[in-house]
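These are the residues of each chain, in order.
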Amino acid sequence: MMYTALPSVIEHFKTTPGNAGWVLTGFLLVGAASAAISGRLGDAFGRRNVLIVVLVASIAGSVISLTSGSLGWLIAGRSIQGLAGGLVPLCVGILRENLPKKSLPVAVATVAGAAMWGGAAGNVISGNIVDHWGWHDIFVVAAILAAVTAVGAFFLPAPTAKPGLERVDWLGGVLFAPGIALALYGVNESSTWGWSNGKTLGFIVGGIAVLALWIAWELRVDKPLINIRFFLNRKLGLTLVATALVSFGTLGVSGFVGQLIMQTPKMAPVGLGLSAGSAGDISFAIGALGFLAAPLSGRISRHGRARNAFIVGAILGLLAAVLSALLLSTIVGFVISQIVLTGATSFMLSSLPNLIVEGVPGASTSEAQGVYMVTQTAFSGVGTSLGTVLLSHYLVTGTPFSTRAGYNVLFAMVAVVAAIALAAALFMRNGSLRDAEDEDVLEAERETFAGALGITPETA
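Here goes a summary of the coordinates provided. (Residues numbered from 1 in each chain as written. Predicted model: local features only at pLDDT ≥ 70, side-chain atom pairs only at ≥ 80, totals over all residues. Heavy atoms only, no water.)

1. Section: the overall build of the chain
For step 1, the next point in the chain: For the chain, the helix and strand inventory stands at 18 helices and 0 strands.
For step 2, the next point in the chain: Within the chain, the fraction of its 460 residues that count as buried is 56%.
For step 3, the next point in the chain: Across the chain, every contact between residues at least 6 apart in sequence was considered, and the portion connecting residues at least 24 apart equals 76%. (Helix = DSSP H or I, 4+ residues; strand = E, 2+ residues; numbered from the N terminus. Buried < 20%, exposed > 50% of the residue type's maximum accessible area, 1.4 Å probe, protein only. Contact = heavy atoms within 4.5 Å.)

2. A look at the nonpolar core
For step 1, the next point in the chain: Counting residues in each nonpolar core, the largest one holds 87 residues, and the members touching the most others are Val9, Trp135, Phe176, Ile261, Phe310 and Tyr407.
For step 2, the next point in the chain: No other element matches helix α12 (residues 234–263), which puts 14 residues into this core.
For step 3, the next point in the chain: Residues within four places of valine 9 in sequence aside, it is in contact with Met2, Ala20, Val23, Leu71, Leu74 and Trp135.
For step 4, the next point in the chain: Counting residues in each nonpolar core, the second largest holds 11 residues, with Val54, Ala153, Val168 and Leu225 among its members. (Core = buried A, V, L, I, M, F, W, Y, C linked by side-chain atoms within 4.5 Å.)

3. Observations regarding a nonpolar patch on the surface
For step 1, the next point in the chain: Residues Leu66, Val140, Ile144 and Val148 make up a contiguous nonpolar surface patch of about 310 Å² in total accessible area.
For step 2, the next point in the chain: For the nonpolar patch, the element with the most residues is helix α8 (residues 138–153), which contributes 3 residues.
For step 3, the next point in the chain: By secondary structure assignment, the location of valine 148 is in helix α8. (Patch = residues over 30% accessible without salt bridge, like charges linked within 9 Å, V, L, I, M, F, W, Y side chains within 5 Å. Areas by Shrake-Rupley, 256 points an atom, 1.4 Å probe, with all protein chains shown as cover. Salt bridge = Lys/Arg side-chain N within 4 Å of Asp/Glu carboxyl O.)

4. Here's the deal with the pattern of salt bridges
For step 1, the next point in the chain: In this structure the tally under the stated criterion is 1 salt bridge.
For step 2, the next point in the chain: In this structure, arginine 47 and glutamate 97 form a salt bridge, with 2.4 Å as the shortest nitrogen-oxygen distance. Of the two residues, arginine 47 sits in helix α4 (residues 47–66) while glutamate 97 sits in helix α6 (residues 87–98), which places them 50 residues apart along the sequence.

5. Here we look at helix α3 (residues 22–45)
For step 1, the next point in the chain: The end-to-end C-alpha distance of α3, which contains 24 residues, comes to 32 Å, matching closely the 34 Å that a straight helix rising 1.5 Å per residue would cover.
For step 2, the next point in the chain: Most of α3 is tucked away: 21 of the 24 residues are buried.
For step 3, the next point in the chain: Immediately downstream of α3, the backbone of glycine 46 shows phi near 100°, a positive value. (Expected span 1.5 Å × (residues − 1).)

Quick look at the structure:
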């Protein structure tokens, strides 16, 4: 809902897209940390139970956002809402607990499609709320929806009994988020301070240093909360790299820029002049098409062929970026580009979880899905932040509107990362590396990666 409301937030607080973008970035970074922690807590205490807890936290964040009187408090409330970022890995874990193997790919794809449909519905709801009451009231609806969902979660199957919570790597689960935030804050303020300013460099270098410490910590911990060793497995590693790339571009940048273009006045260099309600209605209709496409992606992903579905999504993502740059001037043209983008998003979001499921045993599903969600959510936040900062560097003097050149650079960046993600997918193998007949292949890959990194095959 806040994607649709972002132009109104910029106007209300008289701020730049870069500053207002933290309403989205704060939510996504906290959501990334929550995805990691929630998966491990779900393994210990039952996924249904943790699902309810993060929904209650989301309600608290909505209340803070509703009563906020400044951009800072709004960002704080949205960040607390981000604790609900653990929902998807928990839901995928619940599916794997309760469904037969042959039904899992379509079920996972349908859940991903449902999330997309929910986002599309959020566009309609928030657009009409902004038009009739104002963006603050979005959080009333958000709190009610979270409360209804929390009650509904009680009707899910009872969680499987667990031995309890083992020693948890809390530091590893949260340290990466402030590292990313520090670096992004330095980039964001570069337009005010200048790139050579000591404060700009201090935040960026400080953030990178925190991330380096986090990586070193996770590599020495026996049971890391975010197991970055998954990157050493060829299929999982390439899947996570592809996830980072499309989350940055197709999901992160394109996620907010469509609403911005549709709601920006026609007098701006780029803008279609639609109301929030009209823009939301268009996004809902387009999103419904994406929901219908999700089961198709699931069917393509059957029998270890999720790679094929992702390749389709990456090609559509590349095409969507090109069309978006070319068809900015008319509503019809831009809607066409957004339909292609929604198809890309549908295939990506439904195939990536299946690629993760293909590469791990059942007992590691939540852990691997947690790493996937951390990667997806964190890089969506990075893409959102850098995208809004880039547009802020191309503002027409004295206005909050960006030039056509700024949007061209933005979509060129999205196209490049989509092309790199496509290349990564072409190096993936179809099938599951965890199947018994593929264990020899997996062992050979362990030894190859271990030799390259100077670690033992067991660690690899």
